[in-house]
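The chain contents come next:
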Amino acid sequence: MKGLAFLIGVWQTQGEVVAEHDNPAIKFRGTDSYEWILNKNFILHKVDVQVGDEKTEAYEMIGSFDPETTKYKMRSFDNQGAFAEMEAHIDDKGVLHIVGADMRSQLVRQGQNNLVAHWERLSGETWIPWMSLRLSR
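All values derive from a computational prediction rather than experimental measurement.

Draft legend 1. How the structure looks around the pattern of salt bridges. In this structure the tally under the stated criterion is eight salt bridges. Note that Arg104 and Glu120 form a salt bridge whose closest N and O atoms lie 2.6 Å from each other. With Arg104 in strand S8 (residues 103-109) and Glu120 in strand S9 (residues 114-123), this residue pair connects regions lying 16 residues apart in the sequence. Residue Glu120 is classed as partly exposed on the basis of its relative accessible area, which comes to 25%.

Draft legend 2. Quick look at the nonpolar core. With 25 residues, the main nonpolar core has Leu4, Leu7, Ile62, Leu96, Leu107 and Trp119 as its most contacted residues. Sorting the residues of this core by element identifies strand S1 (9-17), strand S2 (26-37), strand S5 (71-78), strand S6 (83-90), strand S7 (96-100), S8, S9 and strand S10 (126-136) as the ones contributing at least two each. Ignoring anything within four residues of it in the chain, the contact list for Leu96 reads Leu4, Phe6, Leu7, Ala88, His89, Ile90, Ser105, Gln106 and Leu107.

Draft legend 3. View of the layout of surface pockets. A volume near 950 Å³ is recorded for the largest pocket. Lining the largest pocket are 39 residues, and of these Val47, Ala58, Trp119, Trp130 and Met131 sit closest to its centre. Per element, the largest residue contribution to the lining of the largest pocket is five residues, and it comes from strand S4 (residues 54-66). A per-class count over the lining of the largest pocket returns 29 nonpolar, six polar and four charged.

Draft legend 4. Focus on the pairing of S8. Two strands pair when backbone bridges link them, and S7 and S8 are joined in this way by four bridges, in the antiparallel orientation. If you follow Leu96 over to S8, its bridge partner there is Leu107. Hairpin geometry of S7 and S8 is characterised by an intervening segment of two residues between the two adjacent antiparallel strands. Strand direction decides the pairing type here: S8 and S9, joined by seven bridges, are antiparallel. When the sheet's bridge partners are listed, Val108 is paired in S9 with Val116.

Draft legend 5. Fine view of the pairing of S4. With nine bridges joining them, strand S3 (residues 42-51) and S4 adopt antiparallel strand pairing. The partner of Leu44 across the bridge, within S4, is Met61. Hairpin connection, S3 to S4: the antiparallel pair is bridged by two residues, and Gly52 has positive phi, about 60°. The sheet contact formed by S4 and S5 spans seven bridges and is antiparallel. Bridge pairing in S5 places Glu60 opposite Ser76. Taking the residues that link successive antiparallel strands as the turn, the S4-S5 hairpin has four residues, and the phi of Thr70 there is positive, at about 55°.

Here is what the cut-offs are and how they apply
Residues numbered from 1 in each chain as written. Predicted model: local features only at pLDDT ≥ 70, side-chain atom pairs only at ≥ 80, totals over all residues. Heavy atoms only, no water. Salt bridge = Lys/Arg side-chain N within 4 Å of Asp/Glu carboxyl O. Helix = DSSP H or I, 4+ residues; strand = E, 2+ residues; numbered from the N terminus. Buried < 20%, exposed > 50% of the residue type's maximum accessible area, 1.4 Å probe, protein only. Core = buried A, V, L, I, M, F, W, Y, C linked by side-chain atoms within 4.5 Å. Contact = heavy atoms within 4.5 Å. 1 Å grid on protein atoms, 1.4 Å probe; cavity = no way out; pocket = protein on both sides within 12 Å on 5 of 7 lines; lining within 4 Å. Points joined across faces, edges and corners; volume = space filled by probe spheres on them. Nonpolar A, V, L, I, M, F, W, Y, C, P; charged D, E, K, R; others polar. Pairing = 2+ DSSP bridges.

These figures capture arrangement, not role.
Given below as structure tokens:
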């Protein structure tokens, strides 16, 4: 779990859900926080953002780490009743890749105080841009 220590803290989040068909792009803003829990065996990630006119809250548990696959397990729950399971790994350039059944992301560190993420979602058999965000502290 030490490989994810760079996430720990409170982040100011801003971004945009990509425009699609007749739906315009939607800006969002809020906070993401990451904290060690249960003897640093897990990370609790809390999301509190305003997406357009809608408030979105989520809790995500990150852990445990599988040394054979070098992947972290992730499970998230949100205020709309959605549940997702994902896996994450850090590549040799330090980029955190998050992959779920129908979504994926690359989280890139920019110094100590900035993160940039680009999310894609599966549409049929094609990955399409979904949202981009920046986290700053």
